[in-house]
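# Observations on the three-dimensional arrangement
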Amino acid sequence: MIEIRNLTKKFDKLTALNNISFNVSEGSVVGLVGSNGSGKSTLLRVLSGVYQPDGGEIIVDGQELFDNYIAKGECYFIPDFPYFYNNSTLENTAFLYRKLYPNWSEEIFNKFCSVFPINRKQRIINMSKGMQRQAALILALSTCPKYLFLDEIFDGLDPVVRHLLKKILIDAVCEKGVTVIIASHNLRELEDLCDRVCLMHMGNMLMESDIDALRQKMRKVQVAFTQIPQRPNLFEGINVVDVWQNGNVFNLTIRGTEESFMPQLNALEPAYISALPLTLEEIFISEMEVAGYDISNIVKR
């Protein structure tokens, strides 16, 4: 289990992480989503021990993480741009990792070298971006980590490899209890994979929730009227996050389930009404607009 308590990280005057607290249960897959510069990558670097916190603490299985080589041996971090030395190959990097990681598995290394079509002796820096990520994944999985931290791992991977990666991660979680934290802008991939999601913005944690519970809390609703009721506040008493009107048709984003808002909408006697759960991408956009990240205003500028 990972416990993050009042975590703060600063770079000069910039507060990259602002007093963040949440827990990550074993065997879960957590997605970090948020605006550019929200602190997702910084959080992963602090979690992996690359950065030292300026405040708060990270407890991994009851131990503080930073400067703890035993705890770090259970973790593996693949950054947005995986780093390899000029002469690094899968073969010579595996030779190094056998000495560094106590849980290194030769069987798993050979298995994934055959699954991913990579030449073990080719210099990794000469590979394409997608192939470099595959090389990093082979090495990561071969260390048999208990905690796997991934930053934009789907970037550069073709659809077949993305599908394969999701299956590999699901198998690792189900069969070995691996805990995975993924930062990504590819919300559709996270929706298929994660059971929890954390929404970050400007170094703050706006929301942390189970994805299924999150879907149940918000609806996109379309309401059409033959004649719009003459009321000062048409949707008063309904927790409307966003509304867009096109003639007599209203497109609403509402917090709540049908049971909570349908009676009030039906009382308006609409000609047509439809309610559907939001996708993770739609929830992200709605929550970011509430936080002041207004896409329409940014485009107008």
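Keep in mind that what you see is a predicted model, and the values were worked out from it rather than measured.

What follows is about helix H9 (residues 258–266). Residues of H9 that are buried include every one of Phe 261, Met 262 and Leu 265, and no others. Within H9, the buried residues cover an arc of 115° as seen down the axis, which keeps them to one side. Within H9, the exposed residues directed more than 90 degrees away from the buried face are Glu 259 and Pro 263. Contact partners of the buried residues in H9: strand E11 (218–224), strand E13 (249–255) and strand E14 (272–277).

Moving on, we get to the environment of Asn 23. Note that Asn 23 resides in strand E2 (residues 14–24). Of the residues examined, Asn 23 reaches a relative accessible area of 39% and is grouped as partly exposed. When the C-alpha positions of Asn 23 and Arg 231 are compared, they lie 45 Å apart, and in sequence the two are 208 residues distant. What Asn 23 contacts, discounting residues up to four positions off in sequence, is Met 1, Ile 2, Glu 3, Ile 4 and Glu 208.

The next thing to look at is the state of the cysteines. As enumerated under the stated definition, the model contains zero disulfides in all. Free cysteine Cys 144: the closest other cysteine sulfur is in Cys 113, separated by 13 Å. Cysteine Cys 174 is unpaired, with the sulfur of Cys 194 as its nearest cysteine sulfur at 13 Å. Taking the relative accessible area as the measure of exposure, Cys 174 reaches 64% and is therefore exposed.

Here strand E1 (residues 2–11) runs beside E2; their pairing, made up of seven bridges, is antiparallel. Residue Lys 10 lies in a different strand from E2, and its bridge partner there is Thr 15. Remark: two residues form the turn of the hairpin made by E1 and E2, two consecutive strands paired antiparallel; Asp 12 in that turn has positive phi of roughly 55°.

The contact between helix H4 (residues 106–115) and helix H5 (residues 129–142) brings their axes to 8 Å, and the two run at 155°. In terms of axis orientation, H4 runs roughly antiparallel to H5. For the pair H4 and H5, the crossing hand works out as right-handed. Contacts between H4 and H5 involve Ile 108, Phe 109, Phe 112 and Cys 113 from the first element and Ile 138, Leu 139, Leu 141 and Ser 142 from the second. Along the lines of polarity and charge, the residues of the contact of H4 with H5 split into seven nonpolar, one polar and no charged.

Packing of helix H3 (residues 90–100) against H5 brings their axes to within 11 Å, and their N-to-C directions diverge by 30°. Looking at the two axes, H3 sits roughly parallel to H5. The chirality of how H3 crosses H5 is right-handed. Seen from H3, the contacting residues are Leu 90, Thr 93, Ala 94 and Tyr 97; seen from H5, they are Ala 135, Ile 138 and Leu 139. Looking at the contact of H3 with H5 residue by residue, the classes come out as six nonpolar, one polar and no charged.

Conventions we followed
Residues numbered from 1 in each chain as written. Predicted model: local features only at pLDDT ≥ 70, side-chain atom pairs only at ≥ 80, totals over all residues. Heavy atoms only, no water. Buried < 20%, exposed > 50% of the residue type's maximum accessible area, 1.4 Å probe, protein only. Helix = DSSP H or I, 4+ residues; strand = E, 2+ residues; numbered from the N terminus. Arc of directions from axis to C-beta. Contact = heavy atoms within 4.5 Å. Disulfide = S-S within 2.5 Å. Pairing = 2+ DSSP bridges. Axes fitted to C-alpha atoms, helices over the stretch in contact; angles between N-to-C directions. Parallel < 35°, antiparallel > 145°, perpendicular 65-115°, else oblique. Left-handed = near helix turned anticlockwise from the far one by under 90°. Nonpolar A, V, L, I, M, F, W, Y, C, P; charged D, E, K, R; others polar.

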